[in-house]
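Fold and contact review
As a plain string of letters, each chain reads:
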Amino acid sequence: MVDYHAANNQPSAGGVQTYMEQENDWDRDLLLDPAWEKQQRKTFTAWCNSHLRKAGTQIENIEEDFRDGLKLMLLLEVISGERLPKPERGKMRVHKINNVNKALDFIASKGVKLVSIGAEEIVDGNAKMTLGMIWTIILRFAIQDISVEETSAKEGLLLWCQRKTAPYKNVNVQNFHISWKDGLAFNALIHRHRPDLIDYDSLRKDDPVTNLNNAFEVAEKHLDIPKMLDAEDIVGTLRPDEKAIMTYVSCFYHAFSGAQKAETAANRICKVLAVNQENEQMMEDYEKLASDLLEWIRRTIPWLENRTQEKTVNDMQAKQEDFRDYRCVHKPPKVQEKCQLEISFNTLQTKLRLNNRPAFMPSEGRMMSDINGAWHTLEGAEKGYEEWILSEIRRLERLEHLAEKFHQKAAIHESWTDGKEAMLTQKDYETSTLSEVKALLRKHEAFESDLAAHQDRVEQIAAIAQELNELDYYDSASVNARCQKICDQWDVLGALTHSRKDSLERTEKQLETIDELYLEYAKRAAPFNNWMEGAMEDLQDMFIVHNIEEIQGLITAHEQFKSTLAEANKEREAIQAIQTEVQKIAQNNGIKLSSANPYTSITPESIDNKWEKAMAMVPLRDNALQEELNKQNSNDSLRATFASQANTVGAYIQAKMEEIGRISIEMNGTLEDQLTNLKEYQKNIMSYMPEINKLEGYHQHIQEALIFDNQYTPYTMEHLRVGWEQLLTTIARTINEVENQILTRDAKGISQEQLCEYRASFNHFDKDHSGALMAEEFKACLISLGYDVENDKQGDAEFSRIMGIVDPNNSGAVTFQAFIDFMSSETTDTDTADQVIASFKILAADKNYITADELRRELPPDQAEYCIARMAPYAGPDAVPGALDYMSFSTALYGESDL
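The numbers attached to residues start from 1 for each chain and follow its sequence in the written order. Only residues with pLDDT of at least 70 get local features here, since the model is predicted, and only at 80 or more are side-chain atom pairs given and counted; chain-wide, interface and lining totals rely on the full set of residues. Water and hydrogen atoms were dropped before computing side-chain values, which therefore reflect all heavy atoms in the structure.

Time to look at the overall build of the chain. Secondary structure elements are taken from DSSP: a helix is a run of H or I of four residues or more, a strand is a run of E of two residues or more, and numbering for both begins at the N terminus. Looking only at helices and strands, the chain features 32 helices and seven strands. Exposure categories follow from relative accessible area, calculated using a 1.4 Å probe and restricted to protein chains: below 20% of the type maximum is buried, above 50% is exposed, and the middle band is partly exposed. Buried positions account for 45% of the 899 residues belonging to the chain. Long-range pairs, those at least 24 residues apart, make up 75% of the contacts in the chain between residues at least 6 apart in sequence. Computed with the Shrake-Rupley method and a 1.4 Å probe, the accessible areas treat only the protein chains shown as cover for residues. Counting every atom, the chain has about 45100 Å² of accessible surface; 50% of that belongs to carbon and sulfur. Contact between two residues is taken to exist if any of their heavy atoms lie within 4.5 Å; hydrogens are not considered.

A separate point is the sheet that holds strand β5 (residues 850-851). Pairing between two strands requires that DSSP report at least two bridges joining them. Judged by pairing direction, the sheet is antiparallel, and its three strands sit side by side in the order β5-β7-β6 without closing on themselves. Both outer strands of the open sheet, β5 and β6 (872-873), are each paired with one neighbouring strand and no more. Of the strand pairs in this sheet, β5 and strand β7 (residues 883-885) are connected by two bridges, and their pairing is antiparallel. Paired with I850 across the bridge in β7 is L884.

Once that is clear, we can look at the packing of aromatic side chains. In this scheme Phe, Tyr and Trp rings, the latter by its six-membered ring, pair at centre separations within 6.5 Å, and the angle between planes marks the pair as stacked below 30 degrees, edge-to-face above 60, and tilted otherwise. Following the criterion strictly, the structure yields 32 aromatic pairs and no others. Ring plane angle 55 degrees and centroid distance 5.4 Å describe the contact between F323 and Y385, whose orientation is recorded as tilted. Taken together, the residues F323 in helix α13 (residues 313-354) and Y385 in helix α14 (residues 368-417) connect sequence positions 62 residues apart. Owing to a relative accessible area of 2%, Y385 belongs among the buried residues under this scheme. Aromatic side chains F528 and W531 sit 5.7 Å apart centroid to centroid with 25 degrees between the ring planes, which places their arrangement in the stacked category.

Take the pattern of salt bridges next. Side chains that differ in sign of charge can pair as their charged atoms come close. The term salt bridge refers to a pairing of a side-chain nitrogen on Lys or Arg with a carboxyl oxygen on Asp or Glu at a separation within 4 Å. A full pass over the atoms with the stated rule returns 46 salt bridges. Residue E337 pairs with K334 through a salt bridge whose shortest N-O separation is 3.5 Å. With E337 and K334 both in helix α13 and three residues apart, this pair spans about one turn of that helix. When the shortest N-O distance is used, the salt bridge between R733 and E342 registers 3.1 Å.

The subject of this paragraph is the nonpolar core. Side chains of nonpolar character tend, in soluble globular proteins, to be buried together. Buried Ala, Val, Leu, Ile, Met, Phe, Trp, Tyr and Cys residues that are joined via side-chain atoms within 4.5 Å together make up what is termed a nonpolar core. Ranked by size, the top nonpolar core spans 78 residues in total, and within it W47, I137, W180, F186 and F252 carry the most contacts. If one sorts the elements of this core by residue count, helix α7 (residues 127-143) sits on top with eleven residues. Setting aside residues up to four positions removed in sequence, W180 forms contacts with C161, V173, N175, A185, F186, L189, L212, I245 and V249. The next biggest cluster of nonpolar side chains, apart from the first, holds 46 residues, and it includes I692, L727, Y787 and M803.

One less than the number of residues in a helix, times 1.5 Å, gives the span that helix is expected to have. Its 13 residues place the ends of helix α8 (residues 153-165) 18 Å apart at the C-alpha level, agreeing with the 18 Å of an ideal helix rising 1.5 Å per residue. Taken together, the buried positions of α8 are A153, G156, L157, L158, L159, W160, C161, K164 and T165.

Glancing now at unusual backbone geometry. Phi at D224 is positive, roughly 60 degrees, even though this residue is not glycine. Note on placement: D224 falls in the loop between α10 (208-222) and α11 (231-236). On the basis of relative accessibility, which here comes to 55%, the residue D224 falls in the exposed class. Of note, the phi angle at N810 is positive, near 55 degrees, even though the residue is not glycine.

As far as function goes, none of this settles anything; it's purely spatial.
Listed below in structure tokens is the structure:
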């Protein structure tokens, strides 16, 4: 007998490998087992008839009805959906062999190797060859295409059965023979897909015949799967026929494959919807946090811009304390919220990119740029408020000093003017002798000298009042009233002085006797008295200094003043000598002197008294200046202490800023290791916080001492605060970048080695270690990775396309995150709108719309309701009541339209 197909060893079409060689070597000896042969005959006959009935025919005897090849060819046409060559209708043996050979040729063309099966054996009715041929057909057309998790054929079918029956008790599918004897596995398969057909809990493991017949009857009645096995044959056989069981089980697989597709489609939709729900929650969280932060900034800025002036230094210092409380207590949590907001925004955008979603656009006024702008305005308001408080404290100190000085000088002047109007208006010269008139004239001249000397004090009083007005002193009204009273009185005194002088000059011709000594005494005593009053004013004068140089200047001026005291004392002794000479002349000439000098009211006793008072004030002034010098020395020590700590902190912040810049570029190891190292580095940085707090304490002492400058350091507390906040923000941003890289890696399936390779390539071309590649650097990097972007027309176009992806804002620089996103998008795949639409189409049974009931049946409850709430009504020509448009919903998920 010629083995026709054994000789036909040509490769099959498309290079298909020999199919399931282990199955082709079926054990022909086992077919001789009567029990197995009986099972195969019944199963294979039923399987063939399940397909032949589609063509309106069937077989009764499997080895007899296929002998002429006609029904065999018809069977192959039905199960393959292809047309075979036209059969020969003759009744001769040669016609039958030709028909069978056409069928065998068709089987071989599908990549099936037929071993030892020839047309003659089939025509002769060889039972074992016919059963082997049918088993080969079943393997190729019913089992070969089964695929579950990268396994196929027998292994795939077995894995499918194991997956579907895993939740059921007393079912453990390990093979296609004894695992099915008790019938529970068949019932579990049906119940898994159609629980309405089987009451699984009522089945008993010790009643296999009932179980098997129940499954066979339900499958035949409701699933259109013909009864291919006998329960008694399976139970009565020690090891049921594996091929018969596989053939029957494959019918279940094909019957339920549609449900499998629906489950896969539902899983895909659930995955997409879960991502979308998580992203929406993150968007809502961002919007709320951004709104709260912006509202806090909106409420805080008016408080910082409030310039309501206070009346006293203590009131302004209370405002300063409130501002310090704001800086140390209220603002730090908001700095953390701003940092967390930026991290949340970046993480959300990364997730949206990884899931092929459109970028998140916050509502108007809540962009990160809006928040940064509001924060910048807040910090500007802070700086302006702090500067205003300090300037106001200086202004109020100046005002209090000027007010004290004004009242002191006004009191001295008012004391001096007391009684002057009465003196200038008296008519004593009308009844006086010539000598008395001359004395009155000289006295008046001395008064004019005194009046002229007091002119400077009046001008000082007016200037101080003017300055108090310009500085907006709160009690300017009383100051102005007092100043106006002094000025008006001064004008009256001037007029009265001029009038009295005229009167005395009119009578001067009648006055001849003048006591020259009295006159000389008066002329010298008046300016000396004036000098003493001025000296006493200076010795009592208030002073404000801000550094050692200023106090040393005052001490030097005071020392110069003390150096003139010896000369002043000589002048005092000379004046007293004049009075002594007057008394000596009066005694020598028997002249009776009046009780007072006619030319002046300044007595020797008053001069001595003022001199003693002035001398007593000198050591008090010495002590006051020395105390101020000690205070300035203490302030200088505070400056040095603050400067030492500030210089240390400033250098530390600068070093750590440079170090984190290097770390972000030179990091190696896995991303998890990098993240752990960065968080440990962040913890190490935060351990430096006590040094910042110590510096804040020094700064508080500086402000409490009203120290406004520091020549020992270039740093201010504001600069160091900003630097510290920038350092913490930079570390947090670097950690967030690594977390986003982990998200990218996990979402895109990028290996650690690929990430390391991307980082190495990026760092190699990042020559200036800026963390970003310029256009030319990025082009060189792409060329090194094998991209064709050379300087020609096609390369330039490709490079422009890539730059549009990695640098959509045309900044001219490519960040590492953008580089990673691009490389991952080139090597991985993500869900698309078309895939989601196809999944919904499966759930909708190939309709262009889907109903709420279908969604609730196929999807979890929360995700089903999510879709129902967002899907628009379907408006197509085939619409029915309650139809929903899943196509526009799917495209909206990927930003192609609005939900």
